[in-house]
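Each chain, letter by letter, is given below.
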Amino acid sequence: MNISDILTLERTFADLKWASKKRTLESISHLLGDQIATLDGKELFNALINREKLGSTGFGDGIAIPHCRLANCTQVTGALVRLATAVDFDAIDQQPVDLLFVLLVPLQATDEHLQILATLATSFGKPEFRSNLREAADARAMYQIAIA
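Residues numbered from 1 in each chain as written. Predicted model: local features only at pLDDT ≥ 70, side-chain atom pairs only at ≥ 80, totals over all residues. Heavy atoms only, no water.

## A few points about the pattern of salt bridges
1) Next: Here the structure, examined in full by the defined rule, presents six salt bridges.
2) Next: Note that Asp15 is salt-bridged to Arg82, the shortest N-O span being 2.9 Å. Of this pair, Asp15 sits in strand β1 (residues 12-16) while Arg82 sits in strand β5 (residues 77-87), and the two are 67 residues apart along the sequence.
3) Next: Asp15 gets classed as partly exposed once you look at its relative accessible area, which sits at 37%.
4) Next: For the salt bridge of Asp61 with Arg130, the shortest nitrogen-to-oxygen distance reads 3.8 Å. Here Arg130 lies in helix α4 (residues 127-135) and Asp61 lies in the loop between β2 (58-60) and β3 (63-64), a separation of 69 residues in the sequence.
5) Next: Note on Asp61: relative accessible area 44%, which makes it partly exposed.
6) Next: Residue Arg130 is classed as buried on the basis of its relative accessible area, which comes to 9%. (Salt bridge = Lys/Arg side-chain N within 4 Å of Asp/Glu carboxyl O. Helix = DSSP H or I, 4+ residues; strand = E, 2+ residues; numbered from the N terminus. Buried < 20%, exposed > 50% of the residue type's maximum accessible area, 1.4 Å probe, protein only.)

Structure, rendered in structure tokens:
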């Protein structure tokens, strides 16, 4: 599975302004809940927060990949977010996060979940990929970089 299979331009956001990890997860949950008919923003937020309690999804190098499995999620779905100002995300390298890829997966999609997490880790592990996303002019440019 590729990023282009799960990301849309409508779920790519540039320069959002949230002040904390909790506010970031809450706000993106509501944005996605408003866009995807089967998802409830409050339920999504709770699932993402519960996942964070197991351990931070802060990947390092300013990247976080918050993810969860949901009963009412019908297909693997992603959202790409660039924050205007990095926030503390309890990342493994203690660096604040400014790029997030939110991954939502149906409960039964265990293999797909692991495959796309590996794909995301590989992509975001590349300094050039991260740099290009950070320097992109807008969400459309970010989307094009992510799916290339």
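The structure having been displayed, the exposition proceeds.
## What about the environment of Leu48?
1) Next: Structurally, Leu48 can be placed in helix α2 (residues 41-54).
2) Next: Given a relative accessible area of 1%, Leu48 falls into the buried group.
3) Next: Taking the C-alpha atoms as reference, Leu48 lies 14 Å from Thr77; in sequence the two are 29 residues apart.
4) Next: Not counting residues within four places of it along the chain, the set of residues in contact with Leu48 comprises Leu25, Ser29, Pro66, His67, Cys68 and Val102. (Contact = heavy atoms within 4.5 Å.)

## Observations regarding the pairing of β5
1) Next: Extensive coverage of β5 is indicated by the burial of eight of its eleven residues.
2) Next: Both β1 and β5 contribute to a ladder of three bridges, which runs parallel. Among the inter-strand pairings, Phe13 is bridged to a residue of β5, identified as Val81.
3) Next: With seven bridges connecting them, β5 and strand β6 (residues 97-106) associate as antiparallel partners. Within the sheet, the bridge partner assigned to Thr77 lies in β6 and is Leu104. (Pairing = 2+ DSSP bridges.)

## Here's the deal with helix α5 (residues 139-147)
1) Next: Every buried residue of α5 is accounted for by Ala139, Met142, Tyr143 and Ala146. For α5, the angular spread of buried residues about the axis comes to 100°, placing them on one side.
2) Next: At its buried positions, α5 is contacted by β1, β5 and α4.
3) Next: If you check the start of α5, you find a side-chain oxygen 3.3 Å away from the backbone N of Arg140, and it comes from Asp138. (Arc of directions from axis to C-beta. Polar contact = N/O pair within 3.5 Å; in protein donor to acceptor, adjacent residues only side chain to side chain.)

## Thoughts on the packing of aromatic side chains
1) Next: With the rule as written, the count across this model stands at two aromatic pairs.
2) Next: Relative to Phe129, the ring of Phe124 has its centre 5.1 Å away and its plane inclined at 85°; by these criteria the two rings are edge-to-face. There is no split in this pair, since Phe124 and Phe129 are both buried.
3) Next: Among the aromatic residues, those joined into a ring-pair cluster are Phe101, Phe124 and Phe129.
4) Next: The ring centre of Phe89 lies 5.1 Å from the NZ or CZ of Lys21, which sits over that ring. (Phe/Tyr/Trp six-rings, centres within 6.5 Å; stacked < 30°, edge-to-face > 60°. Lys NZ or Arg CZ within 6 Å of the ring centre and 35° of its normal.)

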